[in-house]
Each structure stands twice: as structure tokens, then as C-alpha cells.
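As a plain string of letters, each chain reads:
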Amino acid sequence: MVLSKTASESDVSVHSTFASRYVKASLPRFKLPENSIPKEAAYQIINDELMLDGNPRLNLASFVTTWMEPECDKLMMAAINKNYVDMDEYPVTTELQNRCVNIIAHLFNAPLEDSEAAVGVGTVGSSEAIMLAGLAFKRKWQNKRKAEGKPYDKPNIVTGANVQVCWEKFARYFEVELKEVKLRDGYYVMDPEKAVELVDENTICVAAILGSTLNGEFEDVKLLNDLLVEKNKQTGWDTPIHVDAASGGFIAPFLYPELEWDFRLPLVKSINVSGHKYGLVYAGIGWVVWRSKEDLPEELIFHINYLGADQPTFTLNFSKGSSQVIAQYYQLIRLGFEGYRNVMENCQENAMALKEGLEKTGRFNIISKDNGVPLVAFSLKDNSCHDEFEVADMLRRFGWIVPAYTMPPDAQHVTVLRVVVREDFSRTLAERLVFDITKVLHELDMLPAKLSAKISVKEKKQNGTILKKSAMETQREITDAWKKFVMAKKTNGVC
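What comes next is a walk through the structure.

Conventions we followed
- Counting restarts for each chain: residues are numbered from 1 in the order of the written sequence.
- Local features are withheld for residues below a pLDDT of 70 in this predicted model, meaning they are given only at 70 or higher, and side-chain atom pairs are given and counted only at 80 or more; totals for whole chains, interfaces and linings count all residues.
- As a convention, hydrogens and water are excluded, and side-chain values are obtained from all of the structure's heavy atoms.
- Pairs of strands are assigned from DSSP output, requiring at least two bridges between the strands.
- Secondary structure elements follow DSSP: runs of H or I of four or more residues count as helices, runs of E of two or more count as strands, with numbering from the N terminus.
- Angles run from 0 to 180 degrees between N-to-C directions of axes, and those axes are lines fitted to C-alpha atoms, restricted for helices to the stretch in contact.
- Any pair of residues with heavy atoms lying within 4.5 Å of one another is described as a contacting pair.
- Buried residues are those whose accessible area, probed at 1.4 Å on protein chains only, stays under 20% of the maximum for their type, while exposed residues exceed 50% and partly exposed ones sit between those limits.
- Under this definition, polar contacts are N or O atom pairs within 3.5 Å; protein pairs additionally need one hydrogen-donor-capable and one acceptor-capable atom, and for neighbouring residues in sequence, both atoms have to be side-chain atoms.
- Multiplying 1.5 Å by the helix residue count minus one yields the expected span of that helix.
- Pairs were defined over the aromatic rings of Phe, Tyr and Trp, the Trp ring being its six-membered one, requiring ring centres within 6.5 Å. Orientation was assigned from the angle between planes: stacked under 30 degrees, edge-to-face over 60, tilted for the rest.
- Geometrically, a lysine NZ or arginine CZ counts as sitting over a ring once it is within 6 Å of the ring centre and also within 35 degrees of the ring normal.
- Salt-bridge detection follows one rule: a side-chain nitrogen of Lys or Arg within 4 Å of a carboxyl oxygen of Asp or Glu.

## Focus on the sheet that holds strand S3 (residues 119-123)
(1) Moving on: Taken together, seven strands build an open sheet; the order of strands is S3-S9-S8-S7-S6-S4-S5 and the sheet is mixed. If you trace the sheet from one side to the other, it starts and ends with S3 and strand S5 (177-181), each paired once. For this sheet, the mean angle separating the axes of adjacent strands, direction not counted, is 20 degrees.
(2) Moving on: Relative to S5, helix H5 (residues 165-173) is tilted by about 150 degrees, and along the sheet it contacts strand S4 (156-160), S5, strand S6 (203-209) and strand S7 (241-244).

What follows is the structure in C-alpha cells.
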């Protein structure tokens, strides 16, 4: 959702050059027009404006799929008018969703008997999936506390400071205290030992990230499980684990099958994954699966009959399209295990090629790990004159959308550029990106330093002695200055 804000106070009309063949008058920008216009004009007006959007294939900030096969596009368009929630009217679509849930649950090693159905649901993305999983943990914890006659008004959840914003939303929207494990230099994911130290009797779960948004790294879910098992034995608690596998859930089973992060670990009670990331479906589909029926409180499931039959539902929204569910099933049966493994291996190889190209420039430190989500996170070795924000800004001139950002506390002085390698990011594009980055660096070297130079020449005076700022202090001031500069340029808030 984008919080609405007018881009211009003076320009209140929409104009289109080619639509003038059909209409003479301009359209109001923020009010409903009085009269209808020809369909050709409406198309042309919108199409003209959309030309200024970025190219999705060159949007290297996003993990979300930007290409699918034409056959799948046809299936999606054919189902675009089907409401996913009408299970009685569209029973085959419901069946395809159930098949997806079971395929994913088996992929994550859920302990199911041969004829046992998996417990899970399709969502609009991992944000909704996390909300549902969090609600299940909260309700189970509350029910147990009530039965024991103990207070149940102060639930908390333990995560790393590197979690995606949806975890902060869950905590704020559903009144759960968020206890974050801070990051540190060189360690940009949740430390399992520190996470377990934060666990108390009010902890509804510990959330582990399989594929950090910041650097793609997998958190050590196995170590977290083992430490938490010991703490539960000592305290008598039964604190569980949720795995946020939004990015890594469709990667680890194919690239790292021996890695124990899923339902093979006894304390992992639920897992979410984004079908629209490395599940290879366009934006709008996520999944959450539970270990067993006992892990999803029955009182959270609603039953309705006003659409033609009794239908169980556990979602935050109601109506939504069926296309993404159908597309997910297409990808699962089209690719199979072999196909997904080939795609992920190709992404990983292209990420390695990009990493090697950046290392050859001699200008960057690589922040990401070789094992994890196929992406490359990197920072400048020397940003005293020009920094990562300037590199990202100048790359837009070549069409590349590469984000620059600061790490969360306590590593906020570290600034990073990140390139997400998706299926449609080829080796040729990787080589071209390195070429363009090299060109940008050369151009920046020719320019005078901006904010960096002004900050770096500042000195502190203490007891009459002039002390030069350390490199760390200078870098932190540069980061803070650029954050203020970037925030001042933003016109819309996105959540």
C-alpha cells in the first residue's frame, strides 16, 4: 500500500499527446471525470504514463519474479475473473491450492503419514503468511497461560534486527512485544545464542530467517533449535520456532538438501515461503504450512456457508484472484525437483560470476555469503569521497535499479549495495552490470566529493588538542547525512 500524496499542487490534470486523437479536454488528476472517454483514449493515457516506470527485468532490488513462460501467462489470464474464495463454485482451483500446500509441506519434510493431508493455506504473500503464523503462536500461548492460571497479556516474540518489516507490523498490529537481537560488524543475521538468552516465559516463538533480506544469509536454525531444546528442558517451557523462509524456502531444498532448517527440527512448528519470489510466480502468492493440526488452533478457523457450502477459511483478507494459485501449481508440476534445482543452480552461478566481476574491480568488499539466497551484497572499500548512495543513483542512468541501504542496529554504520539474482538475470546482464558499475566509479572519481568531503575534513577539539575523526566515526556521519538527504527527497511513504 502506498500512502497517497499528490505529486504536484499545480498540475491537477492528466494530459496525453496521442490520446488527443480521441479527446480534446484534459482529465482531472485526482477527481472522477464528469464524462466517459473512448477506450482507446483511456488505454493511451495510462500507457503513456506507465512508460516512465522502471524496467522490471532491471529492478535488481526486488526478489519478486518478473518473468514466466507464455503458457503460464495464458492460464493466469484465463483465471483472472475467478474469485479464489468461492471454493464451492471453483472446486478445481481449491483442489490445486490443496495440492500446492501438500507439495510444499512434503518439500519442507513435514511429518505426514501417507494419507494425511498437510495443514496450510495460500496467502497474498509472506507478510500475510507471517501474520497468520504469528496469530497461531499467540493464541496457543494464551490458551496455555489461561489453563495454567497465569497472566497472558504480555506476549513477546524474539527475532533478529535483520527481519523484514512485516514482523514489526505483526508486533505492532497484534500487540506483541518485539525483542530484537542486534547485529554487529561482520555478523549480519540473528545470533542463536543471544536469541535464546532473550527468551522468557512470555515468548510465543523465536523467528528465524532462511535468507536475510539484507545479505541473503541463512540463519542457523539447527543451532537455534538445539539451544532452545536445552532451555526448554531447564525451564519447563515449550518455546517453539517459526522459520521465515520467504526467500530461501524454494532454494534450500534444491541447493542445500542436507541443511536442517525445516520440520526435521522438532521445535519448528510453522514455515512461510513466498511463491512470488523463488517459487517463480508473479507477485501475489505466499504460503504458510504448519507441522500438524495441533499447531493451528481451531478457533482461528472460520466456517462460512453463504457461498453455497460450508467452507473453512483462515486468512486476513477474503476475496482475491485465483491466477497466482494456478500459476504456482503450473510451476511445481512443470519444473519438478529437477527443474527447480536447475534454475537455482543457474541463479547461484550467475551470482558467483557477478561477485567475481565486482572483486576484480578492486573497489568493493563483498558482504554476502556464497551459500544462501543468490544475491551479491557489497560495499565500497573507500567511501571517503563518494559513497554507495551515489553509485546507486548514477546506475539509474543506465536503467539499473540497485538499492543502497544501511544495516540495522548495531551495524547501522555499514552501507551496502545489493543485487538480487533472479531467474531472468543472465550471465550477459551480470557482465554488463559490472561494466556499468566500473564506468560509474570512473565518473565519480572525476567528480569533486560532495557531503563526504565536507564531513571528512571536520575535526574535534578537546582540551586544546585537535583530534581527527576515526574512519568509523567519519563513515557513520556520512551514512547519517545521506540518510537524511535521501529521506528529504522521498515524496511517498511505502508500507
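Following the structure, the description resumes.
## Side note on the environment of leucine 135
(1) Moving on: Structurally, leucine 135 is set in helix H4 (residues 126-147).
(2) Moving on: Looking at leucine 135, the relative accessible area reads 17%, which means it is buried.
(3) Moving on: For leucine 135 and valine 176, which are 41 residues apart along the polypeptide, the C-alpha to C-alpha distance reads 10.0 Å.
(4) Moving on: Beyond its immediate stretch of four places on either side in the chain, leucine 135 contacts Phe170, Phe174, Leu300 and Leu316.

## Here's the deal with the environment of serine 247
(1) Moving on: When you line up the elements, serine 247 lands in the loop between S7 and helix H8 (252-255).
(2) Moving on: Ignoring anything within four residues of it in the chain, the contact list for serine 247 reads Phe63, Leu210, Gly211, Lys277, Tyr278 and Val373.

## A few points about the sheet that holds strand S15 (residues 415-420)
(1) Moving on: Strand order in the open sheet made by the four strands is S12-S13-S15-S14, with antiparallel pairing throughout. Strand pairing shows two members of the sheet lacking a second neighbour, strand S12 (364-366) and strand S14 (404-406), which therefore form its edges. Between one strand and the next, the sheet's axes are offset by a mean angle of 40 degrees, whatever the strand orientation.
(2) Moving on: Pairing geometry for S14 and S15, over three bridges, is antiparallel. By the bridge assignment, tyrosine 405 is partnered in S15 with valine 416.

## Quick word on the side chain of asparagine 225
(1) Moving on: Looking at the element boundaries, asparagine 225 is found in helix H7 (residues 221-235).
(2) Moving on: Residue asparagine 225 is classed as buried on the basis of its relative accessible area of 2%.
(3) Moving on: Side chain to side chain, asparagine 225 and aspartate 226 meet in a polar contact 3.4 Å long.
(4) Moving on: In this view, asparagine 225 contacts Ile241, Leu265, Pro266, Leu267 and Val268; residues no more than four positions away in its chain are not counted.

## Looking at helix H3 (residues 91-107)
(1) Moving on: For H3, spanning 17 residues, the distance from its first C-alpha to its last is 24 Å, which sits close to the expected 24 Å at 1.5 Å a residue.
(2) Moving on: Restricting attention to buried positions, one finds in H3 the residues Thr93, Thr94, Leu96, Gln97, Cys100, Val101, Asn102, Ile104, Ala105 and Leu107.
(3) Moving on: The elements touched by buried residues of H3 are S3, H8, strand S8 (268-274), strand S9 (286-290) and helix H9 (323-361).
(4) Moving on: Within two residues after H3, asparagine 109 carries a phi angle of roughly 60 degrees, on the positive side.

## Notes on the packing of aromatic side chains
(1) Moving on: Counted under the stated rule, the structure contains eight aromatic pairs.
(2) Moving on: Here phenylalanine 250 and tyrosine 340 contribute two aromatic rings whose centre-to-centre distance is 5.7 Å and whose plane-to-plane angle is 15 degrees, an arrangement assigned as stacked. In this pair, phenylalanine 250 sits in the loop between S7 and H8 while tyrosine 340 sits in helix H9, placing the two residues 90 residues apart along the sequence.
(3) Moving on: According to the relative accessible area criterion, phenylalanine 250 is buried, its value standing at 1%.
(4) Moving on: Lysine 146 extends its terminal NZ or CZ atom over the ring of tyrosine 152, reaching a point 4.9 Å from the ring centre.

## Regarding the pattern of salt bridges
(1) Moving on: Counted according to the given criterion, the structure contains 17 salt bridges.
(2) Moving on: Of the charged contacts in the structure, one is a salt bridge between glutamate 148 and lysine 150, with a shortest N-O distance of 3.6 Å.
(3) Moving on: Owing to a relative accessible area of 40%, glutamate 148 belongs among the partly exposed residues under this scheme.
(4) Moving on: Counted as one network, the salt bridges with shared partners bring together Arg57, Arg422 and Asp424.

## Quick word on the side chain of threonine 203
(1) Moving on: Tracing the backbone through its elements, the reader meets threonine 203 in strand S6.
(2) Moving on: A polar side-chain atom of threonine 203 sits 2.7 Å from a polar atom in the side chain of asparagine 156.
(3) Moving on: Of note is the side chain of threonine 203, whose polar atom sits 2.9 Å from the backbone nitrogen of aspartate 200.
(4) Moving on: Among all residues touching threonine 203, those that are not within four sequence positions of it are Trp141, Asn156, Val158, Leu198 and Thr239.

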